[in-house]
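Structural description and commentary
If you want the building blocks of each chain, they are given just below.
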Amino acid sequence: MALYICTNIPLYMTNPIKGFSKLSKKAKIEWIVNQYFDNKEEAIALLESYWHDEAKTQQLHDDFIENTLSNFYTPYGVAPNFLIDGKMLAIPMAIEESSVVAAASKSASFWLQRGGFKTTIQATTKIGHVHFMYKGDVQKLANFFEQIKTQFWSDTQDITANMEARGGGILKIDLKDKSAELANYFQLEARFETCDSMGANFINSCLEQFAKTLQNAVNQSDLFSDAEKQIQIVMCILSNYTPQCVVKAEVSCPIAQLDEGNGVSPEEFVEKFSRAVRIAEIEPYRATTHNKGIMNGIDAVVVATGNDYRAIEAACHTYAAKDGKYQSLTHCEVKNGIFKFWIEVPLALGTVGGLTSLHPMVKFSLDLLGRPNAQQLMSIIAASGLAQNFAALRALVTTGIQKGHMKMHLLNILNQLEATDTEKEQIVDHFKNNTVTHSAAVAKFCEIRGVKNPESLSKNA
Ligand code: MEV
């Protein structure tokens, strides 16, 4: 039996290593496989098999993060036929989940016949804070802040010059008294326009300078007592919540155009669809899954275009709860015989800087999209989220989600069984008219192979 110390971690896994990051990549791999793998050769071979053939490209990936051992592949697909604001696009999607690209493509083709996606950028402002503690006269601080306000702009001129030349910069700085919620807690809340860059570095650099400016100005002023001068800067950081960087995407058509000849009348479809949206508006359990589906469409394009999907996820979910209860990011209405379905989401994106000029596949994605600016990318990604949600709801309220999903999942099952191309073709053909389940797929595979069960054929089955 393995020796354990208080948690369930076996003792051999607790050996710390010093200076791991300084080791060469080869030495890192050796240490890892020696510590954690029985079959060391197999582990090394696997890591190496995922290296890029070209040393230069591999080095680029090695340098994106720290302690890189290998690459972790995610499929890169494309959903064509998106008509967005009058422009035809094929949207790149990096995602591991089957059905997502198919759903986006299906929705895109559906709405292509009905006028496509129309978007509006509602705002592009980003926010950051200097969080600080001040134990003193609040009015004195407020008056002083107004007196020195312009200094925040002048002290950051080195940082803002380029951004201003591009039409962006610092828009507004406010002093916020948060002491009612946390004793002595204040903020400098700043608003920024960062044009086509996501702007995190720009914003954080400005904020760190604001903190210095504030502290220096208070220190040098005769207005404050020694105790009041003890301002403590807690942190300077942008907020990933961007309720003032929002895009709306919508689709609409006369109800009669929702007839797909599948036995469900347009009126019945609209009723079922609208009810599903309404449920996601009032029921957080459903809203979470509903929005998860939207994020399938959003994240896949965010990743493919080199943007930060964790930031986008965080912002979207906070936005979904902005009215005090977590709810759907999409909404629909029927007015004068017109069905309208829309999404409103905060998307702080960049099309310059960061990975956008480094990662070859990101460059490819941006080329594929016709080199969009940040606002155009907001529109594209919002449309992708809306398309995804439309496809999911359409399936959920008509055929059910599993029919399409299992058809797409069938290939994963067959790959697990190590089916040959011919076997795959035969089995996919069989399931065109039969319900896919895991056991039915395995049974059909066994029948074709002429075996009782797949264990004898494949270790992975
Ligand atoms: C699965 O990844 C996403 C769905 O669950 C979304 C939804 O239920 O709306 C199908």
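Residues numbered from 1 in each chain as written. Predicted model: local features only at pLDDT ≥ 70, side-chain atom pairs only at ≥ 80, totals over all residues. Heavy atoms only, no water.

**A look at the overall build of the protein**
Put simply, the rule is: Helix numbers and strand numbers start at the N terminus; a helix is a DSSP run of H or I with at least 4 residues, a strand a run of E with at least 2. Buried, partly exposed and exposed residues are distinguished by accessible area as a fraction of the type maximum, computed with a 1.4 Å probe on protein chains only: under 20%, between the cut-offs, and over 50%, respectively. Pairs of residues are marked as contacts when any of their non-hydrogen atoms sit within 4.5 Å. By the counting rule applied here, Lys and Arg register as positive and Asp and Glu as negative, while His and the ends of each chain are not counted. For charged residues, the charge sits on one atom: NZ in Lys, CZ in Arg, CG in Asp, CD in Glu.
Along its length, the protein carries 15 helices and eleven strands. C-alpha atoms of the protein, sized along the principal axes, occupy 90 × 70 × 45 Å. Looking at the protein residue by residue over its 461 residues, the buried ones come to 44%. When contacts within the protein are restricted to residue pairs at least 6 apart in sequence, those whose partners lie at least 24 apart make up 69%. Distance between charge centres in the protein, computed from 44 positive and 50 negative side chains, equals 2 Å.

**With respect to the packing of helix H13 (residues 401–416) against helix H14 (residues 421–430)**
The relative placement of two packed helices comes down to the angle between their axes together with the axis-to-axis distance. As a reminder of what qualifies: Comment: axis = line fitted to C-alpha atoms, over the contacting stretch for helices; angle = value between 0 and 180 degrees taken between N-to-C directions. When the near helix sits turned anticlockwise from the far one by under a right angle, the crossing is termed left-handed; a clockwise turn instead gives a right-handed crossing. The classification used treats Ala, Val, Leu, Ile, Met, Phe, Trp, Tyr, Cys and Pro as nonpolar, Asp, Glu, Lys and Arg as charged, and all other residues, Gly among them, as polar.
Where H13 meets H14, the closest approach of the two axes is 11 Å, and the angle between their N-to-C directions is 145 degrees. Handedness of the crossing formed by H13 with H14: right-handed. Touching Leu410, Leu411, Leu414 and Asn415 of H13 are Lys424, Ile427 and Val428, all from H14. A per-class count over the contact of H13 with H14 returns five nonpolar, one polar and one charged.

**Section: the domain arrangement of the protein**
Operational definition: Start and end points for every domain follow an automatic or database-based domain assignment.
Domain boundaries assigned for the protein yield domain 1 (11–64), domain 2 (95–123 + 243–399), domain 3 (126–232) and domain 4 (404–460). Averaged C-alpha coordinates put domain 1 and domain 2 at centres separated by 39 Å.

**Comments concerning the pattern of salt bridges**
Applied cut-off: Whenever Lys or Arg places a side-chain nitrogen within 4 Å of a carboxyl oxygen from Asp or Glu, that contact is recorded as a salt bridge.
Taken as a whole and judged by the stated rule, the model has 18 salt bridges. A salt bridge links Glu30 to Lys26; the shortest N-O distance between them is 3.5 Å. Placement of both Glu30 and Lys26 in helix H1 (residues 25–36) is noted, with a separation of four residues, approximately one turn of the helix. The salt bridge involving Asp308 is made with Arg310; its shortest N-O contact spans 3.3 Å. Here the salt bridges share partners, and the residues they tie into one network are Lys176, Glu189 and Arg191.

**Examining the state of the cysteines**
The condition that has to hold: The criterion for a disulfide is a pair of cysteine sulfur atoms lying within 2.5 Å.
One pass over the full model with this rule turns up zero disulfides. Not engaged in a disulfide, the cysteine Cys206 finds its nearest cysteine sulfur in Cys236; these two sulfurs lie 11 Å apart. The class of Cys206 is buried, set by a relative accessible area of 0%.

**Some remarks on the confidence of the model for the protein**
Operational definition: Looking at any residue, its pLDDT shows the predictor's confidence there, from 0 to 100.
Taken over all residues, the pLDDT of the protein has a mean of 94, while the share at 70 or more is 96%. Segment residues 1–6: pLDDT under 50, and eight contacts once partners within four positions in sequence are set aside and those in other chains are kept.

**Brief notes about the side chain of Ser379**
Note that Ser379 resides in helix H12 (residues 374–397). For Ser379, a relative accessible area of 6% corresponds to the buried category. Apart from the residues within four sequence positions on either side, Ser379 is in contact with Ile84, Asp85, Thr119, Ile121 and Val247.

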